[in-house]
Amino acid sequence: MSIEQFHHVTNNYTYPPPHIGSHPTFDPHRDRPRTPCWTVPFGRNKDFVGRETILGQLLDMIPPNADEDDCQRAVISGLGGIGKTQIALEAAFLVRNRYRDCHVFWVPAINITTFENGYREIGRELNIQIIENDKADIKLLVKAALSQISDSWLLIIDNADDASFFGETSEATSLRDYLPFNLKGSILFTTRNVEVSQKLDVRKENLVLLTEMSQSEATNMLQKGLSPHQMGDAQSLESLLEFLTNLPLAIKQASAYMIKTGMAISQYLEYCRSSDEHLINLLSKNFDDRARYETTQNPIATTWLISFTTISRDNPLAASYLKFVAFLAEKDIPKCLLPPTSDKLDEYEAISSSAW
Ligand SMILES: Nc1ncnc2c1ncn2[C@@H]1O[C@H](COP(=O)(O)OP(=O)(O)O)[C@@H](O)[C@H]1O
Ligand SMILES: [Mg+2]
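Residues numbered from 1 in each chain as written. Chains lettered and ligands numbered in written order. Predicted model: local features only at pLDDT ≥ 70, side-chain atom pairs only at ≥ 80, totals over all residues. Heavy atoms only, no water.

J.: Would you mind showing me how to read the site of ligand 1 here?
T.: In the vicinity of ligand 1 there are 21 residues, among which Gly 81, Lys 84, Thr 85, Gln 86 and Asp 289 approach most closely. Contact between ligand 1 and Val 49: a nitrogen atom at 2.9 Å from a main-chain N or O atom of the residue. Here Lys 84 contributes a side-chain N or O atom positioned 2.7 Å from an oxygen atom of ligand 1. Where the shell around ligand 1 is concerned, the elements lending two or more residues are α3 (84–98) and α10 (248–261). (Near = heavy atom within 4 Å. Polar contact = N/O pair within 3.5 Å; in protein donor to acceptor, adjacent residues only side chain to side chain. Helix = DSSP H or I, 4+ residues; strand = E, 2+ residues; numbered from the N terminus.)

In structure tokens:
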């Protein structure tokens, strides 16, 4: 099937699909789930700390009835490892506890396969009968079902990092075509990539930019699991957090290592500072994190490398800026110092896309 034919079919998609004839696979009244659905793949993080202000903002924004005139979209954006998935997860539990009838669905958009698997899971929960059929267009069936159902739902699309997945509707793989619309629905995305928010046409008011943890949140997080003799003096703790830039994934990695080995904070810090080789070695160590996908790489070094590889692919100029600024102090770098380019627009786009 050509791309044109494919789009003709998908754009003119009606429910029920014509090949299903007189036996609709999902009748929003007949097949309505009896209990609220929940397809979130993680348990609640009992060690979740802080982030109260952002959670409060999200709870005003994402419950389906927060905007009864739209199927609202919200985005949490920020660097890899900054805590987006954790906040979305905590928000999912808070919504479930507050709105007992609301279905909560979770779709990892790491790649097309995880997206489709997430939709298949929703299809099963919604009792869409032909969802297991090899020929079924799972994404369209689920889109149609969620667009028709009369219950309220929250759909969380996590790791929507690859802007090309959510591109123009003329792109064959655009996942944008599969986002349901229902006045009783609401969609929350998490992304490292601000370009995704633009592609999804999310209102400015519904964009949450997540930054690193505050000092007290980071301290609280690092303290969990460490014994008093590992904590040592306040100065080492403060210096280590500064070194890790209060980034939750880096804190988690450091604390997992110290819990496993019994190492004290001061010693860990000393080792980090001793040489680049030691630092890379520590930051590359794998660790278990039940709150992360099995398929994603946990070490902070790998997380950064993946971000950098993607930036290099999507915007080589942005990658060259990053390589250059790595040699400067991290604050207030004047634009005139950046490697020159003849096109101001390219420069502007490169600066905005280097913030992964
Ligand atoms: N608020 C938090 N409380 C406790 N741990 C957190 C918190 N935020 C993040 N973490 C830890 O940091 C790791 C990385 O966070 P995650 O949400 O996966 O980052 P992102 O989705 O931005 O890449 C998590 O798996 C978790 O271990
Ligand atoms: Mg994430």
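Moving on from the coordinates now.
J.: What is the right way to look at a nonpolar patch on the surface in this model?
T.: A surface patch of nonpolar side chains, about 330 Å² in accessible area, is lined by Phe 327, Leu 328 and Leu 337. Turning to its location among the elements, Leu 337 is positioned in the loop between α14 (316–325) and α15 (344–353). (Patch = residues over 30% accessible without salt bridge, like charges linked within 9 Å, V, L, I, M, F, W, Y side chains within 5 Å. Areas by Shrake-Rupley, 256 points an atom, 1.4 Å probe, with all protein chains shown as cover. Salt bridge = Lys/Arg side-chain N within 4 Å of Asp/Glu carboxyl O.)

J.: Help me understand the nonpolar core, please; the structure alone is not making it clear to me.
T.: A general trend in soluble globular proteins is that nonpolar side chains are found buried together. If you look at the biggest cluster of nonpolar residues, it comprises 52 residues, and the most contacted ones within it are Leu 58, Ile 62, Leu 188, Leu 222 and Met 258. Considering every element that reaches this core, the biggest residue donor is α3, with 7 residues. Looking at which domains feed residues into this core, each of domain 1 (3–209) and domain 2 (215–283) gives three or more. Look past the residues within four positions of Leu 58 in its chain and what remains in contact with it is Pro 63, Ile 76, Ile 87, Ala 91, Leu 188 and Val 208. (Core = buried A, V, L, I, M, F, W, Y, C linked by side-chain atoms within 4.5 Å. Buried < 20%, exposed > 50% of the residue type's maximum accessible area, 1.4 Å probe, protein only. Domains from an automatic or database assignment. Contact = heavy atoms within 4.5 Å.)

J.: In this structure, what is going on with the sheet that holds strand β2 (residues 103–108)? I would like to understand it.
T.: Each strand in a sheet pairs with another by means of backbone hydrogen bonds, the pair being arranged parallel or else antiparallel. Strand order in this open sheet of 5 strands is β2-β3-β4-β1-β5, and the pairing throughout is parallel. Where the open sheet ends on each side, the last strands, each with one partner, are β2 and β5 (207–209). Taking each pair of neighbouring strands and ignoring which way they run, the sheet shows an average axis angle of 15 degrees. Bridge analysis of β2 against strand β3 (residues 153–158) gives 6 bridges, and the strand direction is parallel. Directly across from Val 107, in β3, lies its bridge partner Ile 157. (Pairing = 2+ DSSP bridges. Axes fitted to C-alpha atoms, helices over the stretch in contact; angles between N-to-C directions.)

J.: Help me understand the packing of helix α2 (residues 52–61) against α3 in this model?
T.: For any two helices packed against each other, one specifies the crossing angle of their axes together with the interaxial distance. With their axes 10 Å apart at the nearest point, α2 and α3 run at an angle of 50 degrees to one another. Relative to α3, the element α2 is oriented oblique. The element α2 and its partner α3 pack so that their crossing is right-handed. Contacts from Ile 54, Leu 55, Leu 58 and Leu 59 of α2 reach α3 at Ile 87, Glu 90, Ala 91, Leu 94, Val 95 and Arg 98. Each residue belonging to the contact of α2 with α3 can be placed in one class, and the counts come to 8 nonpolar, no polar and 2 charged. (Parallel < 35°, antiparallel > 145°, perpendicular 65-115°, else oblique. Left-handed = near helix turned anticlockwise from the far one by under 90°. Nonpolar A, V, L, I, M, F, W, Y, C, P; charged D, E, K, R; others polar.)

J.: Help me understand unusual backbone geometry, please; the structure alone is not making it clear to me.
T.: Glycine aside, residues mostly have negative phi, and peptide bonds are mostly found in the trans state. A positive phi angle, near 50 degrees, is found at Thr 245, a position not held by glycine. Within the fold, Thr 245 resides in the loop between α9 (234–243) and α10. With a phi close to 55 degrees, Asn 246 is a non-glycine residue in the positive phi region. Looking at the element boundaries, Asn 246 is found in the loop between α9 and α10. Taking relative accessible area as the criterion, Asn 246 reaches 9% and is therefore assigned buried.

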